[in-house]
Each structure stands twice: as C-alpha cells, then as structure tokens.
Amino acid sequence: MWQFIRQLFHKFGSPKWFYGIASKMMPWLLAIGLILLLAGLVWGLAFAPAERLQGNSYRIIFIHVPSAFLAQSIYIMMAVAAVVTLVWRMKLADLFVRAVAPVGAVLTFLALFTGAVWGKPTWGTWWVWDARLTSMLILLFLYFGVIVLMSAIADEKSSARGVAVLVLVGVVNIPIIKYSVEWWNTLHQPATFKLTEKPSMAPEMWVPLLFAVLGLYLLFGWLACLRMQTEILKRERRTRWVRDLAAAGGN
Amino acid sequence: MHPIRKKRLTIILFLLAGLAIAVGLTTYALRQNINLFYDPTQIASGEAPLDARIRAGGMVKQGSVVRSDQDLTVEFEVTDFVSSVTVRYTGILPDLFDEGQGVVAMGRLHPDGVFVADQVLAKHDENYMPPEVSDALEKAEASGARAPAMNQ
Amino acid sequence: MAFDSISAFIVMGGHGPYVWTCYAVFVLALLGLGVWSRRQRNTVLRTQKRQMDLEQNGRVTDKPAPASFTRIHPS
Amino acid sequence: MNSEAPEMTLAAVRVPVWRAMAAIIRRDLRASLRQRQDLLNPLLFFFMVVTLFPLGVSPEVSFLQQAGTGILWVAALLSTLLSLDHLFRHDFDDGTLEQMMLQPQPLFLLVLAKSLAHWLLTGLPLVMLAPVLGIMLHLDGNSIGILCLTLLIGTPVLSLIGAIGAALTLGLRAGGVLLSLLIIPLYIPVLIFGTGTVAAASNGAPVGGYLALMMAFLVLAVTLAPFASAAALKISLSNS
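Residues numbered from 1 in each chain as written. Chains lettered and ligands numbered in written order. Predicted model: local features only at pLDDT ≥ 70, side-chain atom pairs only at ≥ 80, totals over all residues. Heavy atoms only, no water.

In the annotation of an unreviewed UniProt entry, chain C is listed under the name Heme exporter protein D and assigned to Marinobacter mobilis. Note on chain C: under the UniProt heading Sequence similarities (unreviewed entry), the record states "Belongs to the CcmD/CycX/HelD family." The heading Function (unreviewed entry) in the UniProt record of chain C holds the text "Required for the export of heme to the periplasm for the biogenesis of c-type cytochromes." (UniProt positions renumbered as here; feature names shortened; annotations may be inferred.)

If you check an unreviewed UniProt entry, chain B appears there as Cytochrome c-type biogenesis protein CcmE from Marinobacter mobilis. Checking UniProt for chain B, the heading Function (unreviewed entry) contains the comment "Heme chaperone required for the biogenesis of c-type cytochromes. Transiently binds heme delivered by CcmC and transfers the heme to apo-cytochromes in a process facilitated by CcmF and CcmH."

Draft legend 1. View of the side chain of Ser 64 of chain B. Residue and element names in this part refer to chain B. As for its placement among the helices and strands, Ser 64 is situated in the loop between β2 (54-60) and β3 (66-67). Of the polar contacts made by the side chain of Ser 64, one reaches the backbone oxygen of Lys 61; its length is 2.9 Å. Excluding residues that lie within four positions of it along the chain, Ser 64 makes contacts with Glu 75, Phe 76, Glu 77 and Glu 99. (Helix = DSSP H or I, 4+ residues; strand = E, 2+ residues; numbered from the N terminus. Polar contact = N/O pair within 3.5 Å; in protein donor to acceptor, adjacent residues only side chain to side chain. Contact = heavy atoms within 4.5 Å.)

Draft legend 2. Local environment of the packing of aromatic side chains. All names here are of chain D. Per the counting criterion, the structure on display carries 12 aromatic pairs over all chains. With centroids separated by 4.1 Å and ring planes inclined at 20°, the aromatic side chains of Phe 108 and Phe 227 adopt a geometry described as stacked. Taken together, the residues span a long stretch of sequence, with Phe 108 in helix α6 (residues 107-136) and Phe 227 in helix α9 (residues 208-239) at a distance of 119 residues. A relative accessible area of 25% means that Phe 227 is categorised as partly exposed. (Phe/Tyr/Trp six-rings, centres within 6.5 Å; stacked < 30°, edge-to-face > 60°. Buried < 20%, exposed > 50% of the residue type's maximum accessible area, 1.4 Å probe, protein only.)

Draft legend 3. Just the domain arrangement of chain B, in detail. Along its sequence, chain B is carved into domain 1 (1-31) and domain 2 (34-122). Computed over C-alpha atoms, the centres of domain 1 of chain B and domain 2 of chain B are 45 Å apart. (Domains from an automatic or database assignment.)

Draft legend 4. Representation of the pattern of salt bridges in the model. Counted by the stated rule, this structure contains 13 salt bridges over all chains. With a shortest N-O distance of 3.5 Å, Lys 61 of chain B and Glu 77 of chain B are connected by a salt bridge. Here Lys 61 of chain B, found in the loop between β2 and β3, pairs with Glu 77 of chain B, found in strand β4 (residues 73-79); they are 16 residues apart in sequence, far enough to count as distant. The class for Lys 61 of chain B is partly exposed, based on a relative accessible area of 36%. Notably, a salt bridge pairs Asp 91 of chain D with Lys 114 of chain D, separated by 2.6 Å at the nearest N-O pair. Taken as a pair, Asp 91 of chain D in helix α4 (residues 89-93) and Lys 114 of chain D in helix α6 lie far apart in primary sequence, 23 residues in all. You'll find Asp 91 of chain D and Lys 114 of chain D in the same group, each marked buried. (Salt bridge = Lys/Arg side-chain N within 4 Å of Asp/Glu carboxyl O.)

Draft legend 5. Examining the packing of helix α3 (residues 61-84) of chain D against helix α8 (residues 175-202) of chain D more closely. All names here are of chain D. Remark: α3 packs on α8, axes separated minimally by 10 Å, with the N-to-C direction vectors making an angle of 150°. With respect to each other, α3 and α8 are oriented roughly antiparallel. Both α3 and α8 take part in a crossing whose hand is right-handed. Along the contact surface, α3 presents Thr 69, Gly 70, Trp 73, Val 74, Leu 77, Thr 80, Leu 81 and Leu 84, while α8 presents Leu 179, Ser 180, Ile 183, Ile 184, Tyr 187, Val 190, Leu 191, Gly 194, Thr 195 and Val 198. Classifying every residue of the contact of α3 with α8 by side-chain character gives 12 nonpolar, six polar and no charged. (Axes fitted to C-alpha atoms, helices over the stretch in contact; angles between N-to-C directions. Parallel < 35°, antiparallel > 145°, perpendicular 65-115°, else oblique. Left-handed = near helix turned anticlockwise from the far one by under 90°. Nonpolar A, V, L, I, M, F, W, Y, C, P; charged D, E, K, R; others polar.)

Draft legend 6. How the structure looks around the UniProt feature "binding site: heme" (unreviewed entry) in chain B. Residues and elements named next belong to chain B. Sites flagged by UniProt as "binding site: heme" (unreviewed entry) map to His 124 and Tyr 128. Along the chain, the position of His 124 falls in the loop between β7 (114-123) and α3 (131-141). The topology assignment puts Tyr 128 in the loop between β7 and α3.

Draft legend 7. Up close: the environment of Ala 50 of chain A. All names here are of chain A. With respect to the secondary-structure elements, Ala 50 resides in the loop between α2 (15-47) and α3 (61-88). According to the relative accessible area criterion, Ala 50 is buried, its value standing at 6%. Expressed as a C-alpha distance, the spacing of Ala 50 and Met 78, which sit 28 residues apart in the sequence, is 37 Å.

Draft legend 8. Focus on the environment of Val 111 of chain D. Residue and element names in this part refer to chain D. Relative to the assigned elements, Val 111 resides in helix α6. Under the relative-accessibility criterion, Val 111 is labelled buried at 0%. Placed 94 residues apart in sequence, Val 111 and Val 17 show a C-alpha to C-alpha distance of 12 Å.

Draft legend 9. Region of the structure containing the environment of Phe 220 of chain A. All names here are of chain A. Topologically, Phe 220 is positioned in helix α8 (residues 203-235). Taking the C-alpha atoms as reference points, Phe 220 and Val 103, 117 residues apart in sequence, are found 8.0 Å from one another. The contact partners of Phe 220, leaving out residues within four places of it in the chain, are Leu 70, Ile 74, Met 77, Phe 96, Val 100 and Val 103.

Draft legend 10. Highlighting the packing of α2 of chain A against helix α2 (residues 16-56) of chain C. At their nearest, the axes of α2 of chain A and α2 of chain C sit 14 Å apart, and the two run at 170° to each other. In terms of orientation, α2 of chain A and α2 of chain C fall into the roughly antiparallel class. On α2 of chain C, the residues that touch Tyr 19, Met 26, Leu 37, Leu 41 and Leu 45 of chain A of α2 of chain A are Val 19, Trp 20, Tyr 23, Phe 26, Leu 30 and Arg 41 of chain C. Across the contact of α2 of chain A with α2 of chain C, the residue classes tally to 10 nonpolar, no polar and one charged.

In structure tokens, the structure reads:
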C-alpha cells in the first residue's frame, strides 16, 4: 500500500507524465468550463430576476463573487504547493506556483475592479478603506511580490524554495480576508454562500452564480494546465521527449 | 529523552505558546470596539466621543426622511430599534438609500445630539431576493406593502 | 427573460454602464489571459524547434564542448 | 525561552543558546558602532522625510496635528525598510553567515538575535527620535506618548518581518527595491493599527483593543518570523 502511494507520488512528480495528462484533460476543462461560465453569465445577465433593492446592478455579483472566490482559493492552492515544494521538493508543485501566480493576480484585480464598480451604485462610493477591501488589496500586492521574486532569482532550485517561503508568509492574509466581514463592522456584506447554511439568496439567483463559480474554476484548471505545460517545456528543454514533441509540432 | 527530540519538543512548545498568546490577545482586541463604529444606543447613552470622526450605523427609520427644498440637505433618523439618532447630511445619497434600509454614516456627533455626516453609505446585507418574493414576504407579514423598487 | 426589450436589457434600469463595464473587463481579461498563455506555450515550442533545426544543420550546438572553438554564423 | 542548551551529539564545545544569541547581539552592536553611518543614515532619512511633509503639503497646525502620527509612522516604516538591506549583507559578504549556519544552535534563534540587534540599532533610535519630531509636528503630549508606545511595539515587528525579506533577497541584484516590494504588503497591518491607536487615543476612545492587537502582531512575529527568515537564509546561501 505504502509502496503504491510512493509510486503514485513519483509518477505525479514526473513532468512528462503530467504533460500528457494535462493534454488529455484540457479540452474537457475548457469546454465544460466555458459552457458553465457562459450559461451562468447569460442566465445571470438576462434571465435572473432583478433584486428587490439593488435592481439590476446586483448582476455584477455573477462575476464579482467567482473572481473573488478564485483569487483566494488560488492563493491557498499556491500555499499548499509551497509546502509540497519545501518538504518533498517536488518540481511540479513549484511549476504550479509559477504558472498560476499571474492568473491569481488578474483575478484579484478583477474582484477589486468589479467590486469598485458595483460599490458605486449600491453603497455610493467606488472605494472605502474597510477591512475586506484593504485585505484584498494586500492580496494583490502579495501576488505581485511573488511574481517579482520569481523572476528575480535566477537559480531554479533556490527560486522555487524562496518563492515558497514568501507564499507561506503571505498566507496570514487569507484568514484576515475571510473573517474581516465578521470581525469588524464593515460596509461589505457577509458571505452569501456558507457551507453550513442554506444560501440567503433566491434559488433563481444562486444557481447561475454557482454555475459561474464552477465554470470559472474549470477554466482556471485549463489555464493552470496550459501554463504549467509552458513551464515544463521551458524547463525540460533539453530532454528527449520535449525535443520529440517540438519536432512533431507540439502535439 | 533523546536530545534531538527534546529540542524539537521545545521548539513546538515555543510555537504553540506564541500562537496561544497571539490568539488570546486577538480575541481580547476583537471584543473592544476598535473601528470607531457606534450604534444609536451607544450614541444615545453618551459612549460616543463628541467632535471626533466616527462611524455610526443602523436602519433608517420609516417615515423619518426629511429633504430640504433648497439644497441637498437631508435629515433622517437612524435606529437600532432601541434608540435612534438624527443624522444630517448634505450631498447625493446612494441609490440604495431608503427608509427601512441599513446605512453607515461617517461624520461627527455634535453636542446637540445631531450626527452631522460627511459621507453616507448604504449597507446591503447578504440577502438577495427578487421583488416578487420580498413582496410576498411583506404581505405575509401584513406590514403594509411597499412598491417594488425595480427601477430606482 | 427578465427584460421586456433589448433596449431595456442594455439600459438595465440605469445601471447599464456599471454592469456592462464589469462584464466587458472580465471577459477581456480572461480572454487576454487565455490567448497570452497559449501564445507563450507555442512560442516555447517554436523556439525549441528552430533551435533543433539549426542544430541539425550543424550550425549551432546546444552545449558547446568546453574547449572547442565553434564558429557561429549569425543568420 | 529555553535556557537549556540543545545538545547536539556532534558539537565539540557546547555553548548555551542564550549565550550564542547574546554574543551575536553584542557583536552586531559593536560592529555598527564602528561603522557609524549605518546607524545614522536611517535616522537622518527619518528626520528628512518627516520635514518634507510640512514643507511639501502644508505647515498648518491643524493639518499637522491630524496627519502627524501617520507621517511619523510612514517615515519610520520607510527608514526601517532602508536599513534592512544590510541586515545580513556584511555577514554574507565576509562569510560569517555561513559560519552561523554551521553552529550547533538552531539557526532561527540566531536569526532572532540578529533581528533583535537590528531593532536595537534602528527601531529603538527611531522611537527615541519620534517625540522630538512629534513636537515639531505640533502633536500634543498625550498623542506623542501613545505614538511612542505604538512605535515601541511596532518597530520590532517591522525588524522581524523585514528580516524575512532581507534573507530572501540576499545576494540578488536590485535587492533593495525588491525587498520593499515583498515586505510592504506585510507592513500594512502594522501601520494601520499603529496609527489607528493614536487616532483612537486623540479621540478619547479606549486604546486597549488596539494595543492588544499590536502585541498579538509582536508575539506572532517573534514566534513565526525567525523560522521563515532562517529558511530563507538557508535557501539564499545554498544558491551562492
């Protein structure tokens, strides 16, 4: 049993193996992700009923919540990968962090941007320096820091581990984001979705939202696979299989 | 005990002690009012400092909004269903501002008990529902139907 | 459909600019991310292929031997 | 802390941990007293940045009273950032750092000692200079007192967190700017609550909650940051 897990682990750590698996999964991730996201967005934009108080401006929720959700969970995934990098020195984990950090930064930016645009008609301001907004801004800075450090350290191994340390240090921000709305009396409303309770939202609103979140998740999976493939190709440039692959034109 | 194990144990104990103290201090801190937010009851009982920029929040009392016909000055009462405080504000109110809705106002409490706000923000709760549903709910409560606020 | 007409859909009860800006930025950002990532991977593959072609023609060696003086013809 | 020596079977001479830490602090203090500009530069910077605000924005008393604590905190933060670059630099250049890693004492405690020395050399002088600048910015006595208290709790946190960044960027080109980019996001909470405490105090609100939170930052930084710095140091040294 233990032997088997070990073998699986080794296999999982092999970039070549991952490249193949990713190639197989990517069309599915892209197709299902796009369908779900589009369905969620179209439903949310055109078919979901208007909200009783906010009218139509609440339709921003269908992109705001998925972006914010992904922005945080990407960071958590990066942190898990950082632990794997530091403890088991698995190459793929580092490749994941490298591939995914820019995606996380873009999604954090989107969450902040859509939040600002949504805030104007509902709260009456583009931006307030309240705990949730500030901690999201810090998350964006953390992503920038990770990206900058990644490119600053030339040596492959120390870059991987240095970035992992930085990612782990930044994890303290995640619980602050999560609980900021409960600890402080912020303008930002508490979470609509909770694991333990029924969503405090009408079903014809939360079902499309769920679609959008799942769709964006799958799309992120596609992006992560694609970008990890790029990193693998860069790093394994000199190996036999990459040369064969390049000769065959990338398939 | 093996020396290396003993060393590890010391480190772990050191970590745990640090974390425990930090958690304890944080929970103490969170029980204090550290973001200068006061509800109407606190303001009425004189807990809020005068002439300092504070935040106040609560529900806008039904039928309390008085608009000036000369300029954009609005006066309304903010209540937490125990006490209420009068808020005066000059400026454009957010779309979501309405009687019976939550607001957060930033400004200063004057000695006469009026809260003069320089910013009024509407607070939305985590409940989203379509107008028909809320209408049905309100009818069920038989508390006077309100016009659906579709196009505000 | 929650709207009576196409124009109502675009105006969104006065909130149109806010909603549509958000959706436009979101779609553009994701599209950009996808296209950029794809192009990056293809570039890596293409450079690799060009490198290998050059190698095959014996013009550039990927790893020059430490003591040899290979003349490189710039193309 | 643990006053007992962690016994390492291979160590020929057993030096108690606390004595090793004390030796490091003493050594750093003595070295910087010899190289005085390292000690003085952050202080001069602090002083000059603070003077920029009355001259650049407004010398009005009401403005300075309102913004004074923020100015002092931001300036203190920046000058700490400036001084971080050579927290490990000298030791890195002359090979002391590698010696330190080979010591039987756990590296994180030695890093803790170095951070403490850094605080004694930059943080503490900043705290002592702050009242003078506070008077120049027309802050009242009560605010200055609270400000110094928050700086006293806050600057060690800055040194401890900064050590992580200094260790990560050790031996990199453009390390200074990079260091700021990595560390500033982690400094933001300290800044928020540092200035928040003074604002609350000048409003007559109780500051117990704020101070408790800052103490929590300090405790957390003391327990966790040295581990991260030690890990980062090991990575940076294995690179060179």
